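# Structural overview
Here's the letter readout for the chains.
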Amino acid sequence: MKAKLLDLFKRILETTAIDEAVSQANCEKWNSIRHLNLIVEIETEFDISFEPEEMAKMRDFATVLKLVEGKRI
Amino acid sequence: MQYVFRNTTLEGILGMNGIRYSGYDDITFPSYAVDSYVWFYQVPIQANRAELSLELHSYFSKFQLVYRQIPQEIPFFIFTLIPLFSFKVQDSDTAIEIACNEFNKNMIEFATAHTNIKIVDFREFTNRYKQSEILDWKYYFISNMQVNPKLAKDFQEWFAQKGEALAGRRKKCLVLDLDNTLWGGIIGEDGMQGIQIGGDYPGNAFSLFQKQLLELSKTGVILTLCSKNNESDVLEVLEKNPFLTLRQEHFAAYRINWENKAENIKSLAQELHLGLDSFVFVDDNPSECELIKQMLPEVSVPEFPAQPYLLPVFFMELTRRYFATYSSTREDTTRTAQYRANAERNAAQAQFTNFEDYLKSLDIRTDIREADAFSLPRVTQMAQKTNQFNLTTKRYSETDLQNILAQGAHIYTLSVQDKFGDSGMTGALIITFPMPKVAHIDALFLSCRILGKKIEHTFLQEVLKRLPESDIQTVTAEYRPTTRNEVVKDFYESAGFAVVSDTSNGKEYQMELKKIKLF
């Protein structure tokens, strides 16, 4: 799950130079449009749906992973 | 580079590759080189239908204002206006539909006289989906997108094909197999009388397919045959079978033999003087298809349906992908005259001829005030998030801002309202006082949704006019480049500041305050 999610991040953020520590603060490529693309791709890929309140919190990889895992149970 | 005039968020479906966007409902046009323009306005989501109708009637004259100012040889794609959602309360209330039809009709007429204009019928895309699939309210409210970003891939593929079709780059020649492609069964096995064409299923499906191909050939597509058969058998069937639509005379050339099909297509290309990239190969046999894909990668090879009843879908897809031609949609032009009169009255109210009038028509009201405890959280949020219109990109926290205020600085906020509603607080400006008689603009950032309407200049001038310190003589300012704020690199020049230093680290500016007071 973690690896799959990280691959998705690399694809959408168009960079391989990121790891699990990636966040909006440390990754310039994580702009608002790619943020939306991330959400769309994660929702589609994992067949889940985020609430706007959750989307607002998704500012770093760890939080996103936790949210995805929480929905997959 | 494609430049898109728009009034809603489109980044989610059009993407960012090679595309730049105007501000929302911003009809100023860019100075950099553009390969093509796109006009893609959507019907705003608004409850008051009378106001909305008036707004829609203004789009065509806005468009004309833009059109007059740009080079007329550059392609300009116009999306038709389609209401994706309607807040209709009464069934008889058709004002929005009429306004959309009026816009589309005007555009189609305009396009007939201006050849660089290409009409893109947006309904062709929206018709593929249910309304709930197109408009996802969650995404609308978080990002102002009317078209669900999950449709992005499909949309981009569709629009790219439209672009190809509109640019006239369609394929020219269809290479058709015979057995199990133009009829059911195989001549060599079922005999000349045993093939299935006409009559009951599946013959009726092949019959319709042949009729559709004949219509396609009337639009200029060249039909050819390539079949592994005895030539004399096939020619006899083409001549004698009473149920066929396509006869020998409908084919510009044919290769009926037992040679490999790649060689046959090459020789067809030579005979017809066409490039292989203008060929589309249609064959029910997957191994033949694979051979052509391998040997002749320039030739397009669509996947043939396994069931004959899917032939109509296959034909539509074939036409759409390879043989679409550009022509105006006429369906929108045939509405009744009575409705048109109403529409014209509305349009007259929404006319204007220059940019100043346009600004006036937006009825923009700005509210500039000093930040207080209530507004600081929002200022902090903007300081953290604003990327494009941000002169110094200082990512202040709320505590930082409190400290700055405690040191005597002023923070001004900007709220903007126009006739469509309140955008809320959309900008802030921080003034510090580094030395006596000098005011320094430490930070200035605005949401890009309000740009292009001269609001940024108004904001700066107003703030400087209002400074409570009466002894200020000089205003200094700075620009710090980031990867995202290039749009503002000449902002202070445009506001009348003089450049004091210009290095890779940014620019420093200065201006005498009395100059500003003259505005």
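Residues numbered from 1 in each chain as written. Chains lettered and ligands numbered in written order. Predicted model: local features only at pLDDT ≥ 70, side-chain atom pairs only at ≥ 80, totals over all residues. Heavy atoms only, no water.

Moving on to the pattern of salt bridges. All names here are of chain B. Throughout the structure, instances matching the rule amount to 30 salt bridges over all chains. Between Glu109 and Lys105 there is a salt bridge, with the nearest N and O atoms lying 3.8 Å from each other. Within this pair, Glu109 and its partner Lys105 are both found in helix H3 (residues 95–113), separated by four residues, close to a single helical turn. A relative accessible area of 45% means that Glu109 is categorised as partly exposed. On the basis of relative accessibility, which here comes to 10%, the residue Lys105 falls in the buried class. The residue Asp177 makes a salt bridge to Lys261 at a minimum N-O spacing of 3.2 Å. Pair noted here: Asp177 is in the loop between strand S6 (173–176) and helix H8 (187–190) and Lys261 is in helix H11 (residues 261–272), with a separation of 84 residues, a long-range link. The class of Asp177 is buried, set by a relative accessible area of 5%. (Salt bridge = Lys/Arg side-chain N within 4 Å of Asp/Glu carboxyl O. Helix = DSSP H or I, 4+ residues; strand = E, 2+ residues; numbered from the N terminus. Buried < 20%, exposed > 50% of the residue type's maximum accessible area, 1.4 Å probe, protein only.)

All names here are of chain B. Counted under the stated rule, the structure contains one cavity of 30 Å³ or more. Of the voids in this model, the largest cavity is the one considered here, and its volume is about 50 Å³. Every residue lining the largest cavity is listed: Val43, Pro44, Ile45, Gln46, Arg49, Leu52, Phe85, Ser86, Phe87 and Ile96. In terms of residue class, the lining of the largest cavity is made up of seven nonpolar, two polar and one charged. (1 Å grid on protein atoms, 1.4 Å probe; cavity = no way out; pocket = protein on both sides within 12 Å on 5 of 7 lines; lining within 4 Å. Points joined across faces, edges and corners; volume = space filled by probe spheres on them. Nonpolar A, V, L, I, M, F, W, Y, C, P; charged D, E, K, R; others polar.)

On to the sheet that holds strand S1 (residues 2–6) of chain B. All names here are of chain B. Strand order in this open sheet of five strands is S2-S1-S3-S4-S5, and the pairing throughout is parallel. Across the chains shown, the open sheet's two edge strands, defined by having one partner strand only, are strand S2 (19–24) and strand S5 (117–120). Averaged over all pairs of adjacent strands, the angle between their axes in this sheet comes to 20 degrees, without regard to strand direction. Bridge count between S1 and strand S3 (residues 36–40): five bridges; the pairing is parallel. Bridging across to S3, Gln2 finds its partner in Ser36. Relative to S5, H3 is tilted by about 145 degrees, and along the sheet it contacts S3, strand S4 (76–79) and S5. (Pairing = 2+ DSSP bridges. Axes fitted to C-alpha atoms, helices over the stretch in contact; angles between N-to-C directions. Contact = heavy atoms within 4.5 Å.)

Turning our eyes to something else, we now look at the environment of Arg484 of chain B. Within the secondary structure layout, Arg484 of chain B lies in the loop between strand S14 (474–479) and helix H19 (491–494). A residue is classified by how much of its surface remains accessible, and Arg484 of chain B, at 24% relative accessible area, is partly exposed. Along the sequence, Arg484 of chain B and Glu271 of chain B sit 213 residues apart, while their C-alpha atoms lie 54 Å from each other. The contacts of Arg484 of chain B, once residues within four sequence positions are left out, are Cys27, Glu28, Lys29 and Asn31 of chain A together with Asn387 and Gln388 of chain B. Here the side chain of Arg484 of chain B touches Asn387 of chain B through a polar contact of 3.4 Å, side chain to side chain. (Polar contact = N/O pair within 3.5 Å; in protein donor to acceptor, adjacent residues only side chain to side chain.)

This next bit is on helix H2 (residues 32–46) of chain A. All names here are of chain A. Over its 15 residues, H2 extends 21 Å from the first C-alpha to the last, a length consistent with the 21 Å expected when each residue adds 1.5 Å. In terms of burial, H2 is a largely internal element, eleven of the 15 residues being buried. Within H2, the full set of buried residues consists of Ile33, Arg34, His35, Leu36, Leu38, Ile39, Val40, Glu41, Ile42, Glu43 and Phe46. Phi for Asp47, located one or two positions after H2, is positive at around 50 degrees. (Expected span 1.5 Å × (residues − 1).)

Before going further, it helps to spend a moment on the state of the cysteines. For the structure on display, the rule yields zero disulfides over all chains. A disulfide-free cysteine, Cys289 of chain B has its sulfur positioned 11 Å from the sulfur of Cys226 of chain B, the nearest such atom. (Disulfide = S-S within 2.5 Å.)

Backbone torsion omega between Tyr201 of chain B and Pro202 of chain B reads 5 degrees, so that peptide bond is classified as cis. Position of Pro202 of chain B relative to the elements: it lies in the loop between H8 and helix H9 (203–218). Positive phi outside glycine occurs at Asp47 of chain A, with the angle close to 50 degrees. Looking at the secondary structure, you find Asp47 of chain A in the loop between H2 and helix H3 (52–57). The phi torsion at Thr393 of chain B lies on the positive side, around 45 degrees, for a residue other than glycine.

These values are about where atoms sit, not about what they do.
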